[in-house]
Amino acid sequence: MSAGQIRTHDPILDSIATTPLVSADAVSRTFTRGGIAVAAVRPTTCTVTPGMRVALTGPSGSGKSTLLHLFAGLDTPTAGSLSWPGLDGPPQGRPGVVGTVFQGPSLVPALDVVENIALPLLLAGVGEVDSAERADAAIRRLEIGELARRLPEEISGGQAQRVAIARVLASRPRLILADEPTGQLDHLTGERVMTVLLETADELGAALVVSTHDEQVARRLPHHWRMDDGRLLVEETS
Amino acid sequence: MITIWLHGLVRRRAGRLGVAAAGVAIAVALLASLGAFLASSQASMTARAVRDVTVDWQVQVQPGADPAAVLDTVRTTPGTQQAVPVGFGRADGLTATTGATTQTTGAAVVLGLPDTYRATFPGELRTLAGAARGVLLAQQTAANLGVAPGETITVNLPGGAATPLTVDGVVELPAANSLFQTVGAPAGSQPNAPPDNVVLLPEARWQDLYAPLTLATATPDGTHTQIHVARAHVLPADPASAFVQESGQARNLEAHSAGTAVVGDNLGAALDAARSDAAYARVLFVFLGLPGAVLAGLLTMAVAAAGAGRRRREQALARTRGVSTAQVLRLAAVEAGLVGLVGALLGLAAAAVVGWLAFGAVRFGATTASTVAWTAGSALVGLLIAAAAVLVPAYRDLRSATVVAARRTVASGPSRERAPWYARYGVDVLLLAGGGLLVWATTGTGYQLVLAPEGVPTISVSYWAFAGPALLWAGSGLLVWRLVEMSLRRRRLMGRAVRPAAGRLASTAAAMMARGRSPMARSIVLLGLALAFAVSTATFNATYQAQAEADARLTNGADVTVTESPGVRVGAETAAPIAAVPGVKAVEPLQHRFAYIGPDLQDLYGVRPDTITNVTGLQDSYFQGGSARALMSTLAAAPDSILVSAETVKDYQLLPGDLLNLRLQDTTTKQPVTVAFHYAGIVAEFPTAPKDSFFVANASYVAAKTGSGAVGAFLVDTGGHDVTGVAAQIRSRLGASASVTDIAHTRSTVGSSLTAVDLAGLTAIELGFALVLAAAAGGLVLFLGLTERRRTFAILTALGATRRQLRDLVTAEATVLTVGGLLAGAGVGWLLSQVLVAVLTGVFDPPPSTTSVPWLYLAGATVITLAGLGVATAGALRQGRRPPVAVLRDL
């Protein structure tokens, strides 16, 4: 197996997984900055199957976020092919299929917490009443009721990440992609956020891919993928 | 660091800088264009005012004084170019025998003109028939006597002498009013009606005629000499200053002549009349020009405010990197300076182009000093706007945007639901109430915006009149802001309102607009004020044009008017040959008589009430006590009804239905006959009627009671087509027996006043800039607002929003902005139009009863605004096509 080609061998998950959620075949992504081509992701082949828990580690600028964005359908590969056989096609334009927790602020500034959580549901065509109920349930699940009517500018970074996770929970995706969800948080808050993320994934039965450069966070996930200079190098399964 | 910052701004924030500079450029261009307009206007104001003065001074030699000495004095007076003596003699009457009939007129004036007179004062005489020199008869006199060139008349001089003269030509005296003025009469007593009969003789023949009389009686009644003077028109461009200089020189001559000469100062009179017009022109500049410049400034600030968030983040980043507050301010000042400088240069260039296109000049002032002042002033305003838009917010942020302040905001939470401070204190309502009161007070009885008493050198302008509209303007803007805020806060209502555009995302769209209601309200207010500016300016202009047309129609009477010379008796049957002229659609006879009410002699117009409106328009505002149609119906139904002036009603305490006995001349017996009328209504204006008191009655009734259906004038309708050509044909058919005038000529006369010319120039600029402002206020502000929320749209895309959903959200916002802006523009525009027309009522003649709405221009303004909004929406959606992660990474 060449470097960058990943296969999972967990017998339990293998039995559950029937079809990969995401399948990347020699996918690469190159950006052009100031006339210079920068390879963010070099040809990579991998699959994410239902129920997987993956820690995607690597130094800053190694291509972790780009790979997650490619998985989420938010970016287009420069070469190679990307498919979502277990998701019935690309997730882009289909709210709720993939839940993404972004590295930076990702809440709509003009909407309060409840509205932010309900937003993907409304975009997915869920009715206003149902969306509100599911948003309330997610708020209760994450115990952030006191934030419900606050605007993003009125809450802290950790609270914002919990709200982003609540948003994922409410939309019940089959694949959760979290890009450095604890990157801007203190250790304790980061621990809590990771706990919530794992519990959410368990509750939904969703696959979870978390990019992080925090070894403690990575250790809480069974599968370890490592990226370096755009290459997916190491496969570890704890 | 400043260089690095500047370099970075130009490279990375070129769009932000460019848009802000464009806003500044609009303001500077508008101001400088107005400067160019004022330069063009002022440079020619005095010249235009004195253009139609035929004789500058008529210096009357006083009884006993030596005309030659006075002539010498006048010729040596500084500024005198030409001075010629003119003899004024009086005759008891004129007689002419044509065929078997002899016609005799009443008193006549005989003028003695030197040979050089026509060359020196070409506007005073116009040859209608025969020779240009020799014995000339005024047109009316020739008609009264029924003579033509080559025929003989007899001048009956005082004392019984009769002198036969062979007529060489017939002339028209276009400036008869000033020519026959009573020199030295008190101000306000002019003009006197010119004499009915005038004979013009060469100077030598006049001397032959009157020298014996002068020898016999030192000052025969009415016989005197005037020195007619052409002055060098080296006068200040401003008519007020020119008037002071000119009238001062006239008074100086009188002082030097030691009582031997009195100056009839026609030049001064023209300047006297023009200076209030000039003051109105300046007032119009303030009323119509200033709001546009203020609006452009507000637009720039709104444009700058759209990028305030990013600027604030950059500022905060700079401070975290150790940049001091003073350095941050300097960096903001650099950005403001750059925006102001580029905007000012662009604006001046645009104004130069506008000035060149509109006025054929690229100067921004009448003189070098004023050019420098306008250029510097406009550029300075641009820099100030840039400073207010960029530097002031930066300074405010430095003072208030602290972590403590942010925490306080978070802690206070619900404060974001509070209304703005001005709304809590009702500032908008107070401003509107104050503005309304001021407008009411300043437009009340006896109100005159510009007061320039005849002969008094000072002009007073009622500056309180400016305050009313200004307060209403500001109050309306704030009220719109309050209403928009209130509406946007009602999210359910807004959700329902935008559901057609936003569909399932209606509540989200309503929530987003509710939270962003402050910039949304600002955008709507700005768009509303820009449209209101367009509406009010265009409506004012259209109303002015409509009233100018009404004035021309009132003055001329109809498309073409044939006025019979006094003494010529023709009946309604004369209409037939006029109606036969190609192009004539209808001819309406109009009687013109004189009637005594008590001791007062007034004009009386006999009309055919059923058909008068076939040839001329009668506005309801011309009448009181009923509409034009109703009062004409009254005249038709009750032929002894009569319409009288308001002054007559007041003077004679008349009530509707009152009997009114007027004395008219019986055509057969030439004796006054009492005719009974019944007062039916008030007439203030009527086609061909004078400005003062007159009567309008049923022509058949007048004819029956006076034994004559003689007609004074024929009103001719050509359907508005080729009025000049039709008038020429009628003129050639009727010869010198009647005066034929057309509305095209009258329109050009009415439209050549200072106010008309200046208003046309001003509104040309205003209407153009109003369109630019409306398009910019709608499109630019929406685009920048949406651009500033690229992160929001990127997040939405990242969450799975489809392009259609993004389009729905943007469309919902654009719809609210469009509908809100259009409603605000229509409402505030209507209000300001009414106020402008009321406050500037002195500009209108006659005052309008209703405003005229220029629907075509307003439709164009709406289309341009919608196009601007459409382009902005499309541009914002185009930005949404970028991959969301790329946007999020860049922002």
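For the structure itself, look to the data block above.
All values reported here derive from a predicted model rather than from experimental measurement.

Chemist: So what exactly am I meant to see when it comes to the overall build of chain B here?
Modeler: A count of helical and extended segments in chain B gives 30 helices and 25 strands. Counting only residues that meet the buried cut, chain B has 49% of its 891 residues in that class. In chain B, the share of contacts with a sequence separation of at least 24, taken over all contacts with a separation of at least 6, comes to 79%. Of the accessible surface of chain B, which amounts to about 38,000 Å², a share of 61% is contributed by carbon and sulfur atoms.

Chemist: I keep staring at the nonpolar core and nothing clicks. Help me out?
Modeler: Nonpolar side chains tend to gather and get buried jointly when the protein is soluble and globular. By size, the foremost hydrophobic cluster in this structure holds 122 residues, and its most contacted members are Phe-287, Leu-299, Val-498, Phe-540 and Leu-840 of chain B. A total of 16 residues in this core trace back to one element, the largest contributor, which is helix α19 (residues 517-556) of chain B.

Chemist: Which parts of the structure should I look at to understand the pairing of strand β10 (residues 169-172) of chain B?
Modeler: Consecutive side chains of a regular strand alternate in pointing toward one face of the sheet and then the other. Residues and elements named next belong to chain B. As judged from the four bridges shared by strand β6 (residues 126-130) and β10, these two strands associate in the antiparallel manner. When the bridges of β10 are listed, Thr-127 appears paired with Val-171. Examined bridge by bridge, strand β7 (residues 136-138) and β10 share three bridges and lie parallel to one another. Directly across from Leu-137, in β10, lies its bridge partner Val-170.

Chemist: In this structure, what is going on with the pattern of salt bridges? I would like to understand it.
Modeler: Any two side chains of opposite charge can pair if their charged atoms end up close together. In this structure the tally under the stated criterion is 24 salt bridges over all chains. Taking the shortest distance from any N to any O, the salt bridge between Arg-141 of chain A and Glu-199 of chain A comes out at 2.9 Å. Highlighted residues: Arg-141 of chain A in helix α4 (residues 128-141) and Glu-199 of chain A in helix α6 (residues 187-204), separated in sequence by 58 residues. Residue classification places Arg-141 of chain A among the partly exposed residues on the basis of a relative accessible area of 31%. Residue Glu-485 of chain B pairs with Arg-489 of chain B through a salt bridge whose shortest N-O separation is 3.4 Å. Separated by four residues within a single helix, Glu-485 of chain B and Arg-489 of chain B lie in helix α16 (residues 464-489), roughly one turn from each other. Residue classification places Glu-485 of chain B among the buried positions, given a relative accessible area of 6%. The class for Arg-489 of chain B is partly exposed, based on a relative accessible area of 26%.

Chemist: Could you clarify how one ought to interpret the pairing of strand β5 (residues 108-113) of chain B in this entry?
Modeler: Residues and elements named next belong to chain B. Counting buried residues along β5, six of its six residues qualify, which places the element largely inside the surrounding structure. Pairing between strand β2 (residues 80-91) and β5: five bridges, direction antiparallel. Within β5, the residue paired with Ala-91 across the bridge is Ala-108. Bridge analysis of β5 against strand β11 (residues 198-202) gives five bridges, and the strand direction is parallel. Its bridge partner lying in β11, Leu-113 is registered against Pro-202.

Chemist: I'm lost on a negative patch on the surface in this one. Help?
Modeler: Taken together, Asp-600, Glu-647, Asp-651 and Asp-692 of chain B make up a surface patch of like negative charges. Given the relative accessible area of 32%, Asp-600 of chain B is considered partly exposed.

Chemist: What should I look at first to understand the environment of Ala-170 of chain A in this one?
Modeler: All names here are of chain A. Among the structural elements, Ala-170 can be located in helix α5 (residues 157-171). Taking the C-alpha atoms as reference points, Ala-170 and Ser-131, separated by 39 residues in sequence, lie 8.3 Å from one another. What Ala-170 contacts, discounting residues up to four positions off in sequence, is Ile-117, Leu-121, Arg-134, Ala-135 and Ala-138.

Chemist: Where do I start with the interface of chain B and chain A in this structure?
Modeler: The parts lose accessible area when they come together, and the size of an interface is often stated as this lost area. On the side of chain A, 34 residues touch chain B, which itself brings 27 residues to the contact. At the boundary of chain B with chain A, total buried surface from both sides reaches about 2,500 Å², with 59% on carbon and sulfur atoms. In terms of surface lost to chain A, no three residues of chain B exceed Arg-515, Leu-799 and Val-885 of chain B, which account for 23% of the buried area on that side. Inspection of the chain B/chain A interface yields four salt bridges. The partner of Arg-499 of chain B in a salt bridge is Glu-128 of chain A, with the nearest N and O atoms 3.4 Å apart. Linking chain B to chain A there are eight residue pairs in polar contact (both at pLDDT 80 or more).

Chemist: I tried to follow the environment of Val-581 of chain B on my own but got confused; where do I start?
Modeler: Residues and elements named next belong to chain B. Within the fold, Val-581 resides in the loop between α20 (575-579) and β17 (586-597). Sequence separation between Val-581 and Val-726 is 145 residues, and the spatial gap between their C-alpha atoms is 7.3 Å. For Val-581, the residues in contact, after removing those within four places along its chain, are Val-726, Gln-729, Ile-730 and Arg-733.

Chemist: I keep staring at the side chain of His-224 of chain A and nothing clicks. Help me out?
Modeler: Residues and elements named next belong to chain A. Position of His-224 among the secondary structure elements: in strand β8 (residues 223-228). With relative accessibility at 15%, the residue His-224 sits in the buried group. Here Ala-218 takes part through its backbone oxygen, which lies 2.6 Å from a polar atom of the side chain of His-224. Side-chain polar atoms of His-224 contact the backbone oxygen of Leu-221, separated by 2.9 Å.

Chemist: Can you help me understand the packing of α16 of chain B against α19 of chain B in this one?
Modeler: Geometrically, a packed helix pair is captured by the angle between its two axes and the distance between the axes. All names here are of chain B. In contact at an axis separation of 9 Å, α16 and α19 are set at 140° when each is read in the N-to-C sense. Between α16 and α19, the interaxial angle falls into the category oblique. Considering only the axes of α16 and α19, their crossing is right-handed. Contacts between α16 and α19 involve Trp-473, Gly-477, Val-480, Trp-481, Val-484, Glu-485, Leu-488 and Arg-489 from the former and Arg-517, Ser-518, Met-520, Ala-521, Arg-522, Ile-524, Val-525 and Leu-529 from the latter. Split by residue class, the contact of α16 with α19 holds ten nonpolar, two polar and four charged.

Chemist: It is not clear to me how the packing of aromatic side chains should be interpreted in this structure. Could you clarify?
Modeler: Note on aromatic pairs: each is described by the distance of the centres and the angle between the planes. Residue and element names in this part refer to chain B. Counted according to the given criterion, the structure contains six aromatic pairs over all chains. With 6.2 Å between their ring centres and 80° between their planes, Phe-88 and Phe-180 make a pair best called edge-to-face. Highlighted residues: Phe-88 in strand β2 and Phe-180 in the loop between α6 (176-179) and β11, separated in sequence by 92 residues. Looking at Phe-88, the relative accessible area reads 5%, which means it is buried. A centroid spacing of 5.0 Å and a plane angle of 50° characterise the contact between Tyr-117 and Phe-121, whose relative ring orientation is tilted. According to the relative accessible area criterion, Tyr-117 is buried, its value standing at 1%. By relative accessible area, Phe-121 is classed as buried at 1%. Sitting above the plane of the Trp-57 ring, Arg-231 keeps its charged end 4.0 Å from the centroid. The ring of Phe-243 carries Arg-275 above its face, with NZ or CZ at 4.5 Å from the centroid.

Chemist: What exactly am I supposed to notice about the sheet that holds strand β1 (residues 22-33) of chain A here?
Modeler: Sheet strands line up and pair through hydrogen bonds in the backbone, either parallel or antiparallel. Residues and elements named next belong to chain A. An order of β2-β1-β4 is seen for the three strands of this open sheet, with the pairing classed as antiparallel. Because the sheet does not close on itself, it has two edges, and the strands there are β2 (36-48) and β4 (79-83). Between one strand and the next, the sheet's axes are offset by a mean angle of 30°, whatever the strand orientation. Against the sheet, helix α2 (residues 64-72) contacts β1, β2 and β4, and its axis sits at roughly 60° relative to β2.

The rules behind these values
In this numbering scheme, every chain counts its residues from 1 along its sequence in written order. By the order in which they are written, chains take letters starting at A while ligands take numbers starting at 1. Whole-chain, interface and lining totals are the exception, using all residues; otherwise, since this is a predicted model, local features are given only for residues with pLDDT of at least 70 and side-chain atom pairs are given and counted only at 80 or more. Side-chain metrics rest on all non-hydrogen atoms present in the structure, leaving aside hydrogens and water. Only runs of H or I of at least four residues qualify as helices and only runs of E of at least two qualify as strands under DSSP, and these elements are numbered from the N terminus. Only protein chains enter the area calculation, which uses a 1.4 Å probe; residues under 20% of their type maximum are buried, those over 50% are exposed, and those in between are partly exposed. It only takes one pair of heavy atoms within 4.5 Å for two residues to be counted as in contact. Only the protein chains shown count as covering a residue, and every accessible area follows the Shrake-Rupley method with a 1.4 Å probe. Working definition of a nonpolar core: buried Ala, Val, Leu, Ile, Met, Phe, Trp, Tyr and Cys residues. They are joined through side-chain atoms within 4.5 Å. Paired strands are those between which DSSP finds at least two bridges. When a carboxyl oxygen of Asp or Glu lies within 4 Å of a side-chain nitrogen of Lys or Arg, that pair is called a salt bridge. The residues that make up patches have over 30% relative accessible area and no salt bridge, and they are joined within 9 Å when like-charged or within 5 Å when they are Val, Leu, Ile, Met, Phe, Trp or Tyr. For the charge count, each Lys or Arg is scored as positive and each Asp or Glu as negative, with His and the chain ends excluded. Taken as the charge location is NZ of Lys, CZ of Arg, CG of Asp or CD of Glu. A quick way to say it: buried area is the sum, across both parts, of accessible area lost when two parts are put together, with a 1.4 Å probe. Under the rule applied, a polar contact is a pair of N or O atoms within 3.5 Å (in protein, one hydrogen donor and one hydrogen acceptor; residues adjacent in sequence only if both atoms are side-chain atoms). Axis definition: a line fit to C-alpha positions, over the contact stretch in the case of helices; interaxial angles, taken between N-to-C directions, run 0 to 180 degrees. Roughly parallel refers to an angle under 35 degrees, roughly antiparallel to one over 145, roughly perpendicular to one between 65 and 115, and oblique to any angle outside these ranges. Here a crossing is taken to be left-handed if its near helix is turned anticlockwise relative to the far helix by less than a right angle, and right-handed if that turn runs clockwise. In the scheme used here, Gly and all other residues not listed as nonpolar or charged are polar, with Ala, Val, Leu, Ile, Met, Phe, Trp, Tyr, Cys and Pro taken as nonpolar and Asp, Glu, Lys and Arg as charged. Only Phe, Tyr and Trp rings take part, Trp by its six-membered ring, and two of them pair if their centres are within 6.5 Å. Stacked means planes under 30 degrees apart, edge-to-face means over 60, and tilted covers everything else. Any Lys NZ or Arg CZ that is within 6 Å of a ring centre and within 35 degrees of that ring's normal is treated as a charge sitting over the ring.

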